[in-house]
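Report on the structure
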Amino acid sequence: MSAADVATQHRAHVVQRPWSAGRTARVAVMVIAAALVLYPIIGFVAMAFRSQTGVQEGTDGFLGLAGVSIQHAIDNWKTLTAYGPRGGGLFQRWLLNSVIVSVSGAVLAVVTALPAGFAMARLRWRGRRFWLIVTLIAMAMPNTVLVIPIFLQVDAIGAVGQLWPVAVLMGFFPFGVYLSYIHFMTAMPHELVEAARVDGLGEGGTFFRVALPISKQAVALVTFFSFVANWTNFFLPLTLLTSSQQNKTLSIGLQEFIGASPLFNPTSAAGLTVKLWMPELAFATFISMLPLLVVFIAAQRFLIRGQTVGAVKG
Amino acid sequence: MSTSRARTRLLTGGATAVVAVAALLLAGCSSSGGATGGSSSSSGSAGSTSAASTGESGSGTSGSGGGITVWVDAPRVPAVQAFEKAHPEIPVKMVQNDGTIGGQSTKQAFANFDAAGSGWPDAIFFTSNDDIAWATSSQSNYAANLSAVPELADVIKGYDPATISFCNIGGQIRCLRNDAAPDVFWYDAKFFKDNNYTVPKSWEDYFTLAIKIAKDHPGKISGFLGDAYAVNRYLQAANCPTNSPKSETEVVLNPQNPNCTKMGQLLDQAYQAKALSPLGVFDADAVKASTNLVMTPGALWYGSYLLQATWKVPAGNWTASDPLTWDGKPSMGDEGGGLWGMSSHVTGKEKENTITFMKFVATDPAWQVDLSTGLPAYGPDQDPWLAKFGTDGYYSNLDQLKAAFKSSLAAVAPYQYMLYDTGNVWTQTIPTTLTSGGTMSAALAKFFSTLTDQAKSIGYTVSAG
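All figures in this text were calculated on a predicted structure; none of them were measured in a lab.

**What to know about the domain arrangement of chain B**
Residues and elements named next belong to chain B. Entries for chain B in the domain assignment read domain 1 (39–180 + 337–385) and domain 2 (183–335 + 400–463). One C-alpha centre belongs to domain 1, the other to domain 2; they are set 31 Å apart. Counting residues per element, the side of domain 1 that touches domain 2 draws most heavily on helix α5 (residues 131–135), which supplies three residues. Among the residues forming the side of domain 1 that touches domain 2, the class breakdown is seven nonpolar, nine polar and two charged.

**Topic: the domain arrangement of chain A**
Residues and elements named next belong to chain A. Entries for chain A in the domain assignment read domain 1 (3–69) and domain 2 (90–306). Computed over C-alpha atoms, the centres of domain 1 and domain 2 are 34 Å apart. Contact with domain 1, which involves eight residues of that partner, is made by six residues of domain 2. Broken down by secondary-structure element, the contributors of at least two residues to the side of domain 1 that touches domain 2 are α2 (21–48) and α3 (52–57). If one sorts the elements of the side of domain 1 that touches domain 2 by residue count, α2 sits on top with four residues. Classifying every residue of the side of domain 1 that touches domain 2 by side-chain character gives five nonpolar, two polar and one charged.

**A few points about the nonpolar core**
One finds A:Val166, B:Val70, B:Ile132, B:Cys167, B:Trp340 and B:Met358 to be the most contacted residues of the largest nonpolar core, which totals 196 residues. Of all the elements, helix α5 (residues 90–122) of chain A adds the most residues to this core, at 15 residues.

**Regarding the environment of B:Ser202**
Residues and elements named next belong to chain B. Relative to the elements of secondary structure, Ser202 occurs in the loop between α7 (189–194) and α8 (203–216). On the neighbour-count criterion, Ser202 (16 C-beta atoms within 10 Å) is partly exposed. For the pair Ser202 and Pro323, spaced 121 residues apart in the sequence, the C-alpha separation amounts to 8.2 Å. The contacts of Ser202, once residues within four sequence positions are left out, are Leu324 and Thr325.

**With respect to the packing of α5(A) against helix α14 (residues 250–259) of chain A**
Residues and elements named next belong to chain A. The interhelical angle for the contact between α5 and α14, taken along N-to-C directions, is 150 degrees, at an axis separation of 8 Å. Considering their axes alone, α5 and α14 lie roughly antiparallel with respect to each other. From α5, Leu90, Trp94, Leu95 and Ser98 reach across to α14, where they touch Leu250, Ser251 and Gly253. Of the residues assigned to the contact of α5 with α14, the class counts are four nonpolar, three polar and no charged.

**Examining the packing of α5(A) against helix α8 (residues 163–171) of chain A**
All names here are of chain A. The interhelical angle for the contact between α5 and α8, taken along N-to-C directions, is 35 degrees, at an axis separation of 7 Å. The interaxial crossing formed by α5 with α8 has right-handed handedness. On α8, the residues that touch Asn97, Ile100, Val101, Ser104, Gly105, Leu108, Ala109 and Thr112 of α5 are Leu163, Val166, Ala167, Val168, Met170 and Gly171. For the contact of α5 with α8, the class distribution of residues is nine nonpolar, five polar and no charged.

**Some remarks on the confidence of the model for chain B**
Residues and elements named next belong to chain B. Model confidence for chain B is summarised by a mean pLDDT of 86, while 85% of its residues fall at 70 or above. Note on residues 1–36: pLDDT under 50 across the span, and 29 contacts to partners over four residues away in sequence or across chains. A low-confidence stretch, residues 42–63 (pLDDT under 50), is modelled with 75 contacts involving residues beyond four sequence positions or located in other chains. Interface confidence for the predicted complex, expressed as ipTM, amounts to 0.73; the pTM equals 0.79.

**Focus on helix α9 (residues 174–187) of chain A**
Residue and element names in this part refer to chain A. With 14 residues, α9 ought to run about 20 Å at 1.5 Å a step, and its terminal C-alpha atoms sit 20 Å apart, in line with that. For α9, the full list of buried residues reads Gly176, Val177, Tyr178, Leu179, Ser180, Tyr181, His183, Phe184 and Ala187. Packing partners of the buried residues in α9 comprise α5, α6 (128–140), α11 (203–211) and α12 (216–231).

So, how was this worked out
Residue positions within a chain follow its written sequence, with the count starting from 1. Chain letters start at A and ligand numbers start at 1, both assigned in the order the entries are written. pLDDT decides what is reported in this predicted model: residues at 70 or higher carry local features, side-chain atom pairs at 80 or more are listed and counted, and totals for whole chains, interfaces and linings draw on all residues regardless. Segment limits for the domains were obtained from an automatic or database-derived domain assignment. Starting at the N terminus, helices and strands are each numbered in turn, a helix being any DSSP run of H or I of at least four residues and a strand any DSSP run of E of at least two. Each residue receives one of three labels: charged for Asp, Glu, Lys and Arg, nonpolar for Ala, Val, Leu, Ile, Met, Phe, Trp, Tyr, Cys and Pro, and polar for the others, Gly being one of them. C-beta atoms are placed from the backbone for every residue, and two residues are taken to be in contact when these atoms lie within 7 Å. To form a nonpolar core, buried Ala, Val, Leu, Ile, Met, Phe, Trp, Tyr and Cys residues must be joined through C-beta atoms within 7 Å. The exposure scheme places C-beta atoms from the backbone and then counts, for each residue, the other C-beta atoms within 10 Å of its own, assigning buried at 20 or more, exposed at 12 or fewer, and partly exposed in between. Angles run from 0 to 180 degrees between N-to-C directions of axes, and those axes are lines fitted to C-alpha atoms, restricted for helices to the stretch in contact. Oblique is the label for any angle not under 35 degrees, not over 145, and not in the 65 to 115 range, which are roughly parallel, roughly antiparallel and roughly perpendicular in turn. Helix crossings get a hand from a simple test, with the near helix turned counterclockwise from the far one by less than a right angle marking a left-handed crossing and a clockwise turn marking a right-handed one. Across the chain, each position has a pLDDT score giving the predictor's confidence in that residue, from 0 to 100. By this rule the span expected of a helix is its residue count minus one, scaled by 1.5 Å.

Next comes the structure, spelled out in structure tokens:
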């Protein structure tokens, strides 16, 4: 039997597979579940590309899809960028701030987490177990516990309202340390470290010349999770950046948009010249999602491979 | 072994040295960096971040030269800009804060400033009137006693005592009112004329007429019950104690108070007669329901914001009349109207400039008459503002409406803002009970029960009178 015959037979088998009650039920459940998830997402994305007039008049059809247009998105962008005192521009500024702190925080997290994870996994030193437990405790510690101590420390050095303390604190990423630790424990055989030492490499050389080149997945994972955590971090910027208009990040800026929208504060927003309605708010949120999508797509190849980090002991 | 210990000691010592050097570097860097601006309890100077260095003000430099930091919500930004135009000699750092009514972010930020002993803004517009409660608590004590500021004595005298009563805390004026938002009696004059109805004078007349209209014209409604301001619209107007502090830690909350039971019965009867809607005035469905609205007590901003802009009620029909009476005296609620606060921590030149700012935003026509959308709370600005109001011909009987606006100012029933959010408790209990088929009596019982629980959980001692 040729390969072509096998393929034809396989296709025939697939096509002729009977629709049993169980299979029909499974597909139906999956379709319903997918619809439940997709329905609000499609509605939300469509809203970002609609106009307030269409929303108000209710003429945009199912999920507002009939009212979707690029021109509306351009108009919504113009309205958003006009928001703020003295000619607007706050949205772009907050977007840039988010990029600055998220990227800086992610770079710091990678730079610190990978060597720390390597040291915990493959070096023998006093207190190793203790620091591993400390890392796990730090991972589990809720943000709310740290608000006042962090604020007081940053205030003590006069840096409240500035971006750099936020980036530095975002670089503190114990989950990344733990992830790196698991990676080096499982993906890097002990024999490799021994061989490097026999070849005369020191600890630094072993890390940079042996461990790091085989850790692309770990770097991608730590970068991805760190960036996502930084980009969506609300509490830290809220605590440290509330008193600085220009230095807010998008996560807390979106809340300010909501507070200034006639939809949520009808009376106080009555006197606003720039009014942010549902399409503008949805567009701002949509824009804030884009960097996450870009990072996810860029890291996807490594993420899929990296999912098995820790699954099999090397 | 000894070599290992020596190495450990060396490493520990080295690590300590690195940490110490890093800390010194950070501290050194910080001395040239900016702080949050605003007041410091130790120096009383404005924050070290100059307006120019942050690029937030664009009005020049600050430092210790008297620059002030002010926090405002988005609609009050023009007030700050008008001040900068009028006083270019005073550098202003403006921070636009979260304008969410009932939001907690401002309160949380101030808790951090209190813990740090620095960072407060020199002046603030309180987006939520409830904020004045924590800002004047002994724990925070942020809002300065303006009664003790001689430069503001004339300003305070310019307010109707009822208008500024929300700022009168323990006999001290702790804030200045931006705009007044007393309730008036709104009605559809055309509907009344067409059906020969007489405009009610008292609350009892209003409810009697509401029931009659609901009977004569099924579907017509005479008010909304489901928004946070409804508690002011009805219970405050009836002098029902929901927000009546006896001291900073003691509050009177008594559902059995005769005023509460009487207003409760009137609301219950009207709701049973389908004369009142369980919706709130800001609900999306209220737009449709408003086509059946024929009268309602409501703030004077209902006219321009709700009737004209949101509900798009046809022009030429609606007007307002004098406040309704309760026990023979004019008595209405109050729905909103923002408050300006000044920091008690500010001193020196900054204090002088902050007082100038407070005076400007509370009284100056460049803001209050030319730019503000609400009726100025400051008496002398009211006539010039009213002269510009309603010139588009939207209202019926404009002279009567303006007279009603002015007479309502003194009719506002006593009410103090508390650490608990009465309006929020109202929206959590009343509409949910009503829409699930409950009576107004049951809804009010749930409201008082929840309010009492919340007051106690915050630390208030609750008494019946």
